[in-house]
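# Overview (structure and organization)
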Amino acid sequence: MIGRPEGERGGDEGAGPGSAPPPASTDAPPPASRDEGAGHPAPPVFSLRAFVLVTLGLFGGVAAAPVAEIFFADRLGLPDAAATGLAAVAAFVLSALLGAVAAWAARRLCFYEIAAASLLWSAAVAGTVAFLPGMRAGSAALQSLEAQGTLVLVLGLLGAGFLSATAGFVGATLAYLAVGTGRFDPSLSYELFVARSHLKLDARTLVSLFGLVVTGLLPGLLALLVWSHVRDVRERRAYRRGELYRRARMPATLLMTLISIAGVALGVWALTVVLSVMSGFEADLKRKILGQTAHGMVLTYGQDDFTEWRSVRERVLAVPGVAGATPFLYNEVMLSSGQNLTGAILKGVDTATVGTVIDLPRNIEEGKLEWLERPAEIPLPARGADGAEPPAPGARALPGVVVGRELARQLRVFVGDQVNVVSPFGDLGPAGPQPKSRPFRVAAIFFSGMFEYDSKFAYLSLAEAQRFFATGDTVTGLELKVDDVDAARSVVGRVAFELGGWPFRGKDWGELNRSLFSALQMEKVVMAVILGFIVLVASFLILATLVMLVLEKTREIAVLKSMGAGVPSVMKVFVLEGLIIGAVGTAFGLILGLGSCVLVDKVGIPLDPEVYYISNLPVLIEPAQFALVALAAMVIAYVATIYPATKAARLRPVDGLRSE
Amino acid sequence: MASAPPFIRIEGLGKTYLMGDRRLEVLRGIDLEIARGEFVALTGPSGAGKSTFLHLLGTLDLPTRGRVLFDGEDVFERGEEELADFRNATVGFVFQSHHLLPEFTALENVMMPALIRRVARAEARRRAAEVLGLVGLSDRLDHRPGELSGGEQQRVALARALCLEPRLLLADEPTGNLDPATAEGIHALLGELNARLGITAVVVTHNERLAASLPRRLRLSRGRLE
C-alpha cells in the first residue's frame, strides 16, 4: 500500500523491465488522457537492480541467522541466548544493509521491490515444504524446525522472511531518507523543529497523560471529568458577570497524538510485564530444576560399568569451571507403604559430596540427610500407625531413605516410618526374575518446590543402593556442578574431552531438560507475538494520527516545498513525528512495565501454592528483554510512519496552495 | 539575439487540467523573455491563468507542454530533488495570503528557507534578522503571524522570500488582501528591493496603479499574453 515517492526523474538508467519511458520530448503534444504533468517522464515503478539487491538481503538475512548462530555459539563459545541474539542482530543488519544499498543505488524507497522479494520468498517456502524430503538433509536448521511439525516449519520460515523483509525495508527507507536528495544528508535540524511544532507536546500534557495511563484510566478520567466541570462552572460565572473567559481547547490532532502515545505505552507495558512474569516462571523453574538435578553429568556409553568413578571424579574436579562432582546410581522402583503404592526414581547418593552439587541437603524439611549413613539414629514414629505399617521389631536396623514431600504424602509416611522399595529386577526365581523388595525407613523428607521432584524422587546412600541393586562398586555416573550455569554446555564438553571421550560422555542440564525449556521458549515467543499485536494496533493509531496531520498540514507542506524542501526532507518531518510518538509511548510503557515488575517483585502477588507450587507471582526483570521490546516497538512505529510520510512528500505544492 | 541567453525564456508554455472528462486549458502557449533585473507586472482578469503561470515559472507545477529556460537551461529537465534545490536557491515566493507557518515566530519563518538549505542555525538567524530589518520589522522578530497585522505578515512573507537572496522573486497578488495605504508601502518596498538588490521580479496584481508604475506590463487573458 505504501506508495513510491517521486524519485529521480528519468535518471534511472539501470532499471529493467517496467522502467521509465525515455524522457519525452517536451515539445510533443501531451496525450489527452494524462493529468497535469503529462509529457514528463515519470519515475520508474520498479527497479530490477534494487529488486535483486533486496532479494539478496531477504534470503541472505534468513540464511545468515542460523549460520551466525552456529558461529557465535560453537566457534566463539558464547552462551546460547547471547549467540541467538547476536545472530539475529547480524541477520537484521545484513538485510538492512542490502536494503540500504538498494535504496541508495535506485534512489527509491524500494517498497515494491521488497514486496516482490517477499512474494518470492513465500514461493520459495512453498517449494521447500512441497519438496521437503529433498531439502531436509541439507540443512540442520530446517531439520530442527521440521521436527516440530510442518505448520511450525511454514510459519517459522514465513516469519523469518517477514522479519528479514522488515529489516530490508527499514534499511532501504533510512537510506532513502539520508541520500534521497542525491547527496548524503542525514541532518534533521529543521525537520525536528517542524515536527515538534506539529505535535504540540509539552511537558505538562505528557505528565498528565502519563498519570492517566498509570492510574489505569479510570481515576484519571474522573479527574478530567471534574476538571472540565469546574471549567464549565467558571466559564458560566464569567459569562454572567460579563467578564471575558478564554477556554483552552485541545486541537484534534493533539488528542490523536496523545491517544497514539497511550496506545503504544499500553502495548509496551503489557508486553514487558507479561514477558517478565514468564521469565520469572522460567527462572523459578530453572532454579528448582538446577537445585534438584545437576548442571551436568558424566555418563558411560551403553552397558559399560562405571567402576573407576573415584579417580574419574578427581580428574573431573580438576577441570576449570567445575565446582563440584558427586557419584550417583539411578534406578526406577516402586515404593509401598501399607496400602499405598507409587512409582519413584531412586537415586543412590554420596551423602558427603552430594551437597556440593545439588541442593538436597538444604531442601531437607524434616529429619537429617546424615541419617542415611547412620540409620540407627532415625527416631521411631511417635504416633500409632494409621496407614503406615507398625515398626517392625528390628526397625532400628533398617537402612534409611529420603523421600520428597509429595511422595511422603502419597505414601502417608513420616520420618521414621517404614517404606518398602520394590525393584522389578530381582533375583532369579523358579519362574524367571522375581521382583525384589526390601524395607527402608524414612530418614528425611525434602521439599524442592518442584512438584515433579517432590513426588517422584527418593534417595538412598550410595553404598545401600549398590547393595540393593547388587551392582558392586559401580555408579551410573557423576553429577557435576559448574561455576557458570549458562556455560554448562561448554564446561561439560571440556570435561568429556579431558576424560578422553569414549567410554565417557557428558550431558548438560539444557540437554537433560530440553523439551521442557524449548516448550517454555515456544510459549514465550507465541505470547510475545500475540501481545506484539497490541503494539501493532497502536502503530495503526500512529498511522491514522499522521495521516490526519498530513491532511491538516497540506498547506504547510506545500509552502515548505515551495521553499525548496525535497521529498526526503518532507518525509523526515513526518517520520520524526511518528518516531517521537513511538518513543514517548515506548518510554512510558517501559517505565510502567519496570514499575509494575518492581512492584510485583517487592510487594508480591500471592498465588495458591497448592495449584502453582509457588507462593508469589515470580518476576524476572531482564534488561535485554526490555531493550528488545523497545526496539520492536520503535521499528513498528517507524514502519507505520512511512506511508503517511510518502503521502505528505508526494503532495504537489500547487495542490496545497490552491486549496484555500 | 544577444550572445548570452536571456535570464528567463519561456517557449510555448501550456497547461491543461483534466476536470473529470472536461479539458480545461488554462495556458495556451505563452512565449516570453524576461531579462535580468526586470520588474514585470502581470495583470489580467480572474481565471486568466496568472497564478498557474506564476506557479509554472516557479516550478511548483509541471507544464503540459512548452519549456521554461533559465539561463538557457530547461528547468523541467531536472529531477524533483534538483527542482527543489532550484526553488530553494533561485526563487522566492510571496503568496496572496502570506502562507506563514502559524506555529513559528516571524524570525523562524524567515529562517526556514535557510534551514532547509542546511545553513547553520546561528547563521540562518543572523541572516533572517538582517532581512527582517530590511523590510522594517526589526522589532517584530519574536511575534507569531497571528500577532502581526496583515501588512506586517506580508512583509514577513517577503522577508522569507528574500532570505536566501533569490535571483527571481515571484509575487502572487501580494497586496490583494491589504488596504490601499499598506499596499502602497509593500509596493514601494518591492520597487526598492528590485532597484537595490537587482532581483528580477514578476508581480501578479490587480492594482492598476502599481501596474502602471512599472516599466513592463504583461496582460494575460484566456491563457494568452495580450
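Our structure is the block above this text.
Residues numbered from 1 in each chain as written. Chains lettered and ligands numbered in written order. Predicted model: local features only at pLDDT ≥ 70, side-chain atom pairs only at ≥ 80, totals over all residues.

### Here's the deal with the overall build of chain A
When you go through chain A residue by residue, the secondary structure sums to 23 helices and twelve strands. Considering chain A as a whole, with its 660 residues, one finds that 40% of them fall into the buried category. (Helix = DSSP H or I, 4+ residues; strand = E, 2+ residues; numbered from the N terminus. Buried ≥ 20, exposed ≤ 12 C-beta atoms within 10 Å, placed from the backbone.)

### Thoughts on the overall build of chain B
Across its full length, chain B holds seven helices and ten strands. Taking 2.2 N^0.38 as the reference for a compact globule, 226 residues should give roughly 17 Å; the C-alpha atoms of chain B span a radius of gyration of 17 Å, in line with that estimate. By principal-axis analysis of the C-alpha atoms, chain B measures approximately 45 × 45 × 40 Å. Of all 226 residues assigned to chain B, the portion counted as buried reaches 50%. (Rg over C-alpha atoms; globule rule 2.2 N^0.38 Å.)

### Remarks on unusual backbone geometry
Residue and element names in this part refer to chain A. Backbone geometry places Arg107, a non-glycine residue, at a positive phi of 50 degrees. Take Arg107: it is sitting in the loop between helix H2 (80-106) and helix H3 (111-130). Taking the number of C-beta atoms within 10 Å as the measure of exposure, Arg107 has 24 and is therefore buried.

### Some words on helix H1 (residues 48-75) of chain A
The end-to-end C-alpha separation of H1 of chain A is 38 Å, in line with the 40 Å expected for 28 residues at 1.5 Å each. At Ala64 of chain A, H1 of chain A is bent by approximately 30 degrees, the largest bend along its length, and proline Pro66 of chain A sits one to four residues beyond. (Expected span 1.5 Å × (residues − 1). Bend = angle between axes of the 7 residues up to and from the residue.)

### A few points about the nonpolar core
In terms of nonpolar packing, the biggest core is built from 171 residues, with Val54, Ala103, Cys110, Ala172 and Ala265 of chain A together with Val110 and Ala159 of chain B touching the most fellow members. In this structure Ala265 of chain A touches Val213, Gly585, Phe588, Gly589 and Leu592 of chain A, once residues within four positions along its chain are discounted. Trp309, Ala344, Tyr453 and Phe457 of chain A belong to the second largest nonpolar core, which has 61 residues in total. (Core = buried A, V, L, I, M, F, W, Y, C linked by C-beta atoms within 7 Å. Contact = placed C-beta atoms within 7 Å.)

### So, the packing of helix H20 (residues 567-603) of chain A against helix H22 (residues 623-650) of chain A
All names here are of chain A. One can describe the packing of H20 onto H22 by two numbers: an axis separation of 8 Å at closest approach and a directional angle of 150 degrees. The orientation of H20 with respect to H22, classified from their angle, is roughly antiparallel. Relative to H22, the crossing made by H20 is right-handed. Tallied by class, the residues present in the contact of H20 with H22 amount to 20 nonpolar, six polar and no charged. (Axes fitted to C-alpha atoms, helices over the stretch in contact; angles between N-to-C directions. Parallel < 35°, antiparallel > 145°, perpendicular 65-115°, else oblique. Left-handed = near helix turned anticlockwise from the far one by under 90°. Nonpolar A, V, L, I, M, F, W, Y, C, P; charged D, E, K, R; others polar.)

### A look at the environment of Ala465 of chain A
Residue and element names in this part refer to chain A. Note on placement: Ala465 falls in helix H15 (residues 462-469). Classification of Ala465 by C-beta neighbours within 10 Å gives buried; the count is 25. The residues touching Ala465, leaving out its near neighbours within four places in the chain, are Leu329, Leu346, Gly348 and Leu460.

### Here we look at the sheet that holds strand S4 (residues 65-70) of chain B
All names here are of chain B. Taken in spatial order, the four strands of this open sheet run S2-S1-S4-S5, and their pairing is antiparallel. Looking along the sheet, the strands with just one partner apiece sit at the ends: strand S2 (22-34) and strand S5 (73-74). Sheet analysis places strand S1 (residues 8-19) next to S2, joined by ten bridges and oriented antiparallel. Of the residues in S2, the one forming a bridge with Met19 is Arg22. Packed on one face of the sheet, helix H1 (residues 50-57) meets S1, S2 and S4 and runs near 60 degrees to S2. (Pairing = 2+ DSSP bridges.)

### Some remarks on helix H4 (residues 121-134) of chain B
Spacing of three or four residues puts side chains on the same side of an α-helix, whose turn is 3.6 residues. All names here are of chain B. Taking 1.5 Å of rise per residue, the 14 residues of H4 would be expected to cover 20 Å, and the 20 Å separating its terminal C-alpha atoms lies within 8% of that figure. All of the buried residues in H4 are Ala124, Ala128, Val131 and Leu132. Taken around the axis of H4, the buried residues stretch over an arc of 100 degrees, which confines them to a single face. Across from the buried face of H4, at angles greater than 90 degrees, the exposed residues are Ala122 and Glu123. In this structure, the buried side of H4 is in contact with helix H3 (106-116) and helix H5 (150-162). Backbone geometry just after H4 places Gly136 at a positive phi near 80 degrees. (Arc of directions from axis to C-beta.)

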